[in-house]
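Chain residues, written in single-letter form:
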Amino acid sequence: MQKILIILALLTFSCELKKEAVGVANDLIVFTSTEDRIFTSKLIDNYFNSKGRYCPQFEPYLNVKIKTFNDLEEFYKHRNLLFLSLETPVDTTLDKFLTKFNHVIESKKPVFVSRDLYAYNQVVSGIKAKDPIHFETILDTNLNWIHNQYLKQIEYNIWKKEVKKNKNYELIDLAKNWFDLEIPISMDYIKVKKDSLNNFLWIGRVFPYRWITIHEIDLPNKTNPEIYWDKFDSLIVNTMKNVEISNHYRDHHINQKINKKVLTGVYGQIEANTGGPFVSYIFENKSKKKVYFLTGYVNNPGKSKILMVKELELILEHSNFITF
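Below or above, wherever it landed, is the structure these notes cover. Everything numeric here is computed off the predicted structure, so don't read it as measured data.

Cut-off values and rules
Residues numbered from 1 in each chain as written. Predicted model: local features only at pLDDT ≥ 70, side-chain atom pairs only at ≥ 80, totals over all residues. Heavy atoms only, no water. 1 Å grid on protein atoms, 1.4 Å probe; cavity = no way out; pocket = protein on both sides within 12 Å on 5 of 7 lines; lining within 4 Å. Points joined across faces, edges and corners; volume = space filled by probe spheres on them. Helix = DSSP H or I, 4+ residues; strand = E, 2+ residues; numbered from the N terminus. Nonpolar A, V, L, I, M, F, W, Y, C, P; charged D, E, K, R; others polar. Phe/Tyr/Trp six-rings, centres within 6.5 Å; stacked < 30°, edge-to-face > 60°. Buried < 20%, exposed > 50% of the residue type's maximum accessible area, 1.4 Å probe, protein only. Core = buried A, V, L, I, M, F, W, Y, C linked by side-chain atoms within 4.5 Å. Contact = heavy atoms within 4.5 Å. Pairing = 2+ DSSP bridges.

Some thoughts on empty space enclosed by the protein
With a probe scaled to a water molecule rolled over the atoms, the places where space remains empty come into view. One pass over the full model with this rule turns up one cavity of 30 Å³ or more. Of the voids in this model, the largest cavity is the one considered here, and its volume is about 60 Å³. In terms of lining residues, the largest cavity is bounded by L171, A175, I183, I185, L201, W202, I203, I212 and I214. Among the elements that line the lining of the largest cavity, the one with the most residues is strand β10 (residues 200-205), at three residues. Each residue belonging to the lining of the largest cavity can be placed in one class, and the counts come to nine nonpolar, no polar and no charged.

Overview of the environment of G302
As for its position among the elements, G302 is in the loop between β16 (290-299) and α8 (306-317). In sequence terms G302 and Q57 are 245 residues apart; their C-alpha atoms lie 9.7 Å from each other.

Some words on the packing of aromatic side chains
Inspection of every chain in the model, using the stated rule, returns 25 aromatic pairs. Ring plane angle 50 degrees and centroid distance 6.2 Å describe the contact between F200 and W202, whose orientation is recorded as tilted. Each member of the pair, F200 as well as W202, is classed as buried. Seen from their ring centres, Y228 and F293 are 5.8 Å apart, and the 80 degrees between their planes marks the pair as edge-to-face. Here Y228, found in helix α7 (residues 225-239), pairs with F293, found in strand β16; they are 65 residues apart in sequence, far enough to count as distant. Looking at F293, the relative accessible area reads 0%, which means it is buried.

Side note on the nonpolar core
Counting 53 residues, the largest nonpolar core has I44, F48, I127, F135, I185 and I212 as its most contacted members. Ranked by residues supplied to this core, first place goes to helix α5 (residues 132-163) with ten residues. Apart from the residues within four sequence positions on either side, F135 is in contact with T40, L43, I44, L84, L86, I127 and A129. M240, F278, I282 and F293 belong to the second-largest nonpolar core, a separate cluster that totals 19 residues.

A word on the pairing of strand β1 (residues 27-32)
Burial within β1 is extensive, with six of its six residues counted as buried. In β1, alternate side chains face the same way, and those of D27, I29 and F31 on one face and L28, V30 and T32 on the other are all buried. For β1 and strand β4 (residues 63-68), the ladder comprises six bridges, and the chain directions are parallel. Following the sheet pairing, I29 is matched in β4 by K65. For β1 and strand β5 (residues 80-86), the ladder comprises three bridges, and the chain directions are parallel. Paired with F31 across the bridge in β5 is F83.

A look at the layout of surface pockets
In this model, the largest pocket occupies a volume close to 750 Å³. Forming the walls of the largest pocket are 29 residues, and the residues nearest its centre are Y61, L151, E155, K310 and E313. When residues of the lining of the largest pocket are traced back to their parent elements, those giving at least two are β2 (52-54), α5, β13 (251-255), β14 (260-269) and α8. It is α5 that contributes the most residues to the lining of the largest pocket, eight residues altogether. In the lining of the largest pocket, the residues fall into eleven nonpolar, nine polar and nine charged. Of the volumes computed, that of the second largest pocket is approximately 550 Å³. What lines the second largest pocket is a set of 21 residues, among which A25, I158, K161, L307 and E311 lie closest to the centre. Counting only elements with at least two residues in the lining of the second largest pocket, the list comes to α5 and α8.

So, in structure tokens, the structure goes:
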């Protein structure tokens, strides 16, 4: 009980002295009691680790780290927090702690999300379930919503860091003059290849390696995913001789935020025997009868790549064609 009072006092006082949240952008620190952890840890891992992408090994969007209440004082200022409590079995830690959120937790709404609670740019959520079965039901119905709250904050933090960087105006002007494209490129990037014959620009940055390419082609008569996959494969063969697009993990979808078609998958560098994930945004200019593939590639062998993919996606999402 004394431990709880000390931490509650610390958290209350910290609200007056907020600083920027700390920790890896996609770490999710889950706090539960020793008693509840036995019944919930496997469910947390199974549910949250099911959402991710192939890079080419499957990587979850969130790195789940399950802690007990005794770790709260150390981790409460991290970027992504989840408080979890089961009424049964009874405990004297999280059950007591979550009573401070009774104004936002009720039987019909056993989940809450709060922002900037103990630090700036932080997402804190809580789940208060009756028992393990009720907890699984809550995850079934609320996981997508909870997960998206964390992903939105992760994207915000990544982009906030990116926009603070000095820009490479030479490359920005090159893309603007050649493609009428405004793309927010930082000084991390340099020109790798420019091919006016194939309307192709390739820029990149050093370790961890990331590339961005721009391809321009005539707008095809049909614009379904199969046609665009054929076009993309052909473009890579003709302009990036050492790169091969794998037939594994191919997918396509619509980015709802900017209403653009997207191709995703993995690639390989033939001579180097390495590779990684890529994402290609398709910009259709029907007035000019042109299509542009803006593609980002990540190579970080043996290490996590998913945050770097998200960084490239955000750069592509914030790109605009002047003449569209």
